[in-house]
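Here's the letter readout for the chains.
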Amino acid sequence: MLKSKNINQSELSRIANVPRTNIVSIINGQIKNPTIGLMIKIADALNISLDEFRGDNTNDK
């Protein structure tokens, strides 16, 4: 998703105001259940919905 948004981990960390280590841990699967607050910050920084962030495409038509 970062590639499609033309953003890297460091930029996402800065925009979302989240430690880069958290971003890396989510991407690498080390954080399997991020908090809703963390998910909201990242989704907002990427300008996507929480459903998109979660990979939920059930609303696609």
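Residue indices follow the written sequence of each chain, beginning from 1 at its first position. Given that this is a predicted model, residues contribute local features only at a pLDDT of at least 70 and side-chain atom pairs are listed and counted only at 80 or more, while totals for whole chains, interfaces and linings are drawn from all residues. Based on all heavy atoms of the structure, the side-chain values leave hydrogens and waters out of the count.

Some points on the overall build of the protein chain
- Counting from the N terminus, the helices are the DSSP runs of H or I reaching at least four residues and the strands are the DSSP runs of E reaching at least two. The secondary structure content of the protein chain amounts to 4 helices and 0 strands.
- Along the protein chain, from the amino end to the carboxyl end, the secondary structure elements read α-α-α-α.
- Working definition: with a 1.4 Å probe on protein chains only, accessible area under 20% of the residue-type maximum means buried, over 50% means exposed, and in between means partly exposed. Looking at the protein chain residue by residue over its 61 residues, the buried ones come to 28%.
- Contacts between residues were defined by any pair of non-hydrogen atoms, one from each residue, lying within 4.5 Å. Relative to all contacts within the protein chain whose residues are 6 or more apart in sequence, the contacts with residues 24 or more apart total 35%.
- Accessibility throughout is a Shrake-Rupley quantity obtained with a 1.4 Å probe, and a residue counts as covered only by protein chains that appear here. Of the roughly 4,500 Å² of accessible surface on the protein chain, a fraction of 47% belongs to carbon and sulfur atoms.
- Treating the 8 positive side-chain charges of the protein chain as one cloud and the 6 negative ones as another, the clouds have centres 8 Å apart. None of His or the chain ends enter the tally, which takes Lys and Arg as positive and Asp and Glu as negative. For this purpose, a charge sits on NZ of Lys, CZ of Arg, CG of Asp or CD of Glu.

Observations concerning the confidence of the model for the protein chain
- Averaged over all residues, the pLDDT of the protein chain equals 90, while 92% of them reach at least 70.
- Confidence scores per residue from the predictor, reported as pLDDT, run from 0 to 100. Per-element confidence in the protein chain ranges from a low mean pLDDT of 88 for helix α4 (residues 50-54) to a high of 96 for helix α1 (residues 9-16).

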